[in-house]
Amino acid sequence: MPTITIPTFKGMTPRTHRRLLSPQDALEAVNCTMESGILEAMADLGPSQASVASDQTISRHDTIGWQSWAGVVDVVNSTIVDSGGHYFVTGDGYPKQGTTALGGSLRRLGVPRPELPLSVEFVGDAEEGASVTRSSSYCFTCVVDMGTGGKQEGAPSDPSGSFDVLAGQSVLLTGFSAPAMDGFQADAFRIYRASGGSWFFLAEISGVSTSYTDDKSDADLSTATLATDGWTMPEDDARGMILTTNGIYVMHRDNEILLSEPFHPYVYPGDYRLSTQDQIVALGFVDSSIVVLTSGRPSVLQGSSPASMSMQPLPFDQACVSKGSVVSMPYGVMYASPDGLCLVSTGGPRVVTRGLFTAKQWRELQPELLVSAYFEDKYFGFFQGTTRGFYYDFAAEDIKELELSGPVYAVFYDAGQDALFLNVGGSIVALAGGSGRLTYRWRSGEFFTSVLTLPAAVRIEGDFDAPVSVRLYAHNELRHAMVVSGSDPVRLAVNGRSENAWSVELQGTSAVYEVRISTSIEELESGV
């Protein structure tokens, strides 16, 4: 029998039949790493950070700490530095926003337009024969004060109409009110007065004020003008927020794409909106391109400003089957389709795992359950509500499987800590964040020999701080099991008939460098 040698270790290519796998390729590779070519166990899960039941979204705020939501939401931090921990949440009812000062409380994202114009009343008696000092018209806006997150101003009310003001008269403005909406409260009102064809800032008053008396001349008006005409707040069903370059926030609803006014995450003008042919599932971003993933073909948006954005559908018939599978990374935007993991990049779209899975194999995994993240140059995917997962290694271009101690409900990559956190069985833990190790299982493909043989010796070269379980299979049938505790050759007592197709399985936590199997210790040592 020629000596079976496994000189190095790799992950899985499930599409390839076990008889055709190379010596280093795995039929099974679970909870293991092969960063340097040797077989090693992944580090265990870290200690619990928080308890979150079966919540499907977890996120860590730098000041508030861990937050979670029962459903699938998107959490995006403000692009403004020193914004007081300003962040946004979409997908949990109407779009919301929060800050460090608000703790875990959230306010509605968006400032509505006042429903009614101001009422105007003249105050004071005009002098006899008094001339018209000015012709005035008024409008006002609602203002939300997010503290260090800045003030947010909505679109203006309808104008009050034009009135001639005589010398000696002032104008009393009443009717300041904000629309009644869940999660919204006007912290202030801004008043504008028309002069020379423009709307100039007149005053800002408290959100509980009901009136304002205007006795300013045109010469005393501020030079600041109304900037929010035509600004539209996001609809209640807008969701899927992402942040792109130039301070542009993007959301979607049905088949409509909403682009924000730059650096104004609460404003989504109608003039910037675009539509897709199919229902939008999720959004991604790479380089300067927004990737729109749908129930049909994906599209790409490009442009330096929301007004200049153009959309190009891609000739790529790969629908997105899981919002949770969508990950934006340096390589592009990765997502799950019916045929495999797809990557949309500057080089074009492709099915990355076409050489690893058949479409049938991939669909049997239930990719619609995927929740995923990019971490350590790998795409990690977990099948929500199960203990199963995998990671795709971009360097090795193969798959390693994961089997955890409890069901995974959510994932969150924390860039500040460079750590991937999971909700495993209701506890937030860091993947590979523990001091111990997970138990790996690595099984080779079949080694085919031209004559019938019966293995009689094995040597497992490695660093043994714990025993390694060794199992021998012939034609996928278990023929022998034993435990190896060191790198010395070991005689086997394999009972039964000789075979011409053998495979080996290793299970443990110790690092393994090489495996040799032969019909005698002499052949094992000589490598014949």
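Residues numbered from 1 in each chain as written. Predicted model: local features only at pLDDT ≥ 70, side-chain atom pairs only at ≥ 80, totals over all residues. Heavy atoms only, no water.

1. Observations concerning the side chain of Asp55
Here Asp55 shows up in the loop between strand S5 (50-51) and strand S6 (57-61). Buried within the structure, Asp55 lacks any salt-bridge partner; its nearest side chain of opposite charge belongs to Lys96, at an N-O separation of 14 Å. Once you skip the residues sitting within four places of it in the chain, Asp55 turns out to touch Ser68, Trp69, Ala70, Tyr409, Ala410 and Asn423. (Helix = DSSP H or I, 4+ residues; strand = E, 2+ residues; numbered from the N terminus. Buried < 20%, exposed > 50% of the residue type's maximum accessible area, 1.4 Å probe, protein only. Lys, Arg positive; Asp, Glu negative; His and termini not counted. Salt bridge = Lys/Arg side-chain N within 4 Å of Asp/Glu carboxyl O. Contact = heavy atoms within 4.5 Å.)

2. Considering the pattern of salt bridges
Counted by the stated rule, this structure contains 33 salt bridges. One salt bridge connects Arg479 with Glu499, and the closest N-O pair in it is separated by 3.7 Å. With Arg479 in strand S43 (residues 477-484) and Glu499 in strand S45 (residues 499-508), this pair connects stretches of sequence that are 20 residues apart. Of the two residues, Arg479 and Glu499, neither departs from the other in class, the shared state being buried. Within the structure, one salt-bridge network assembled from shared partners comprises Glu235, Asp237, Arg253, Glu256 and Arg273.

3. Notes on the sheet that holds strand S18 (residues 188-195)
Taken together, the 4 strands give an open sheet; going across it, the order is S15-S14-S18-S19, and neighbouring strands pair in antiparallel fashion. Among the strands making up the open sheet, the edge pair consists of strand S15 (151-153) and strand S19 (198-206). Taken pair by pair, the neighbouring strands of this sheet meet at an average axis angle of 30°, ignoring direction. Direction of pairing for strand S14 (residues 138-145) relative to S18: antiparallel, over a ladder of 6 bridges. Paired with Val143 across the bridge in S18 is Ala188. (Pairing = 2+ DSSP bridges. Axes fitted to C-alpha atoms, helices over the stretch in contact; angles between N-to-C directions.)

4. A word on empty space enclosed by the protein
The final tally for this structure, using the stated rule, is 2 cavities of 30 Å³ or more. Of the pockets and cavities examined, the largest cavity occupies roughly 40 Å³. If you trace the largest cavity, you find it lined by Thr244, Thr245, Ile248, Phe285, Ser288, Ile290, Gly303 and Met309. The residue inventory of the lining of the largest cavity, partitioned by class, reads 4 nonpolar, 4 polar and no charged. If you add up the space inside the second largest cavity, you get close to 30 Å³. (1 Å grid on protein atoms, 1.4 Å probe; cavity = no way out; pocket = protein on both sides within 12 Å on 5 of 7 lines; lining within 4 Å. Points joined across faces, edges and corners; volume = space filled by probe spheres on them. Nonpolar A, V, L, I, M, F, W, Y, C, P; charged D, E, K, R; others polar.)

5. Things to note about the layout of surface pockets
If you add up the space inside the largest pocket, you get close to 1,600 Å³. Every residue lining the largest pocket is counted, 50 residues in all, and those nearest its centre are Asp74, Val75, Val76, Phe412 and Tyr413. Residues of the lining of the largest pocket, tallied by class, amount to 25 nonpolar, 19 polar and 6 charged. Taken as a whole, the second largest pocket encloses approximately 410 Å³ of empty space.

6. Considering the packing of aromatic side chains
In this structure the tally under the stated criterion is 21 aromatic pairs. Measuring from centroid to centroid gives 5.1 Å for Tyr392 and Phe394, while their planes differ by 85°, and the two rings are edge-to-face. Exposure remark for Phe394: the relative accessible area of 13% places this residue in the buried category. Among the aromatic residues, those joined into a ring-pair cluster are Phe357, Trp362, Tyr379, Phe383 and Phe390. Taking the ring centre of Tyr94 as reference, the NZ or CZ of Arg108 above it sits at 4.0 Å. The lysine or arginine in question, Arg388, covers the ring of Phe383, its NZ or CZ lying 4.4 Å from the ring centre. (Phe/Tyr/Trp six-rings, centres within 6.5 Å; stacked < 30°, edge-to-face > 60°. Lys NZ or Arg CZ within 6 Å of the ring centre and 35° of its normal.)

7. Topic: the side chain of Ser510
Examined against the element boundaries, Ser510 turns out to sit in the loop between S45 and strand S46 (511-518). You can call Ser510 buried: its relative accessible area is 0%. In this structure the side chain of Ser510 is engaged in a polar contact, spanning 2.6 Å, whose partner is the backbone oxygen of Ala466. Here Ser510 is in contact with Leu39, Arg437, Tyr440, Asp463, Phe464, Asp465, Ala466 and Val468, once residues within four sequence places are set aside. (Polar contact = N/O pair within 3.5 Å; in protein donor to acceptor, adjacent residues only side chain to side chain.)

8. Some words on the pairing of strand S32 (residues 348-351)
For strand S31 (residues 340-345) and S32, the ladder comprises 4 bridges, and the chain directions are antiparallel. Opposite Leu343, over in S32, you have Arg350 as the bridge partner. Between S31 and S32, which pair antiparallel in sequence order, lie 2 residues.

9. Re the pairing of strand S26 (residues 289-294)
Where burial is concerned, most of S26 is hidden: 6 out of the 6 residues are buried. Across 6 bridges, the pairing between strand S25 (residues 280-286) and S26 is antiparallel. In the sheet register, Leu283 faces S26, and the bridge partner there is Val292. Hairpin connection between S25 and S26: a loop of 2 residues separates the two successive antiparallel strands, and Asp287 in this loop has a positive phi of roughly 55°. Where S26 lies against strand S27 (residues 299-302), 4 bridges are found, and the strand directions are antiparallel. By the bridge assignment, Ser289 is partnered in S27 with Gln302. As consecutive antiparallel partners, S26 and S27 are separated by 4 residues.

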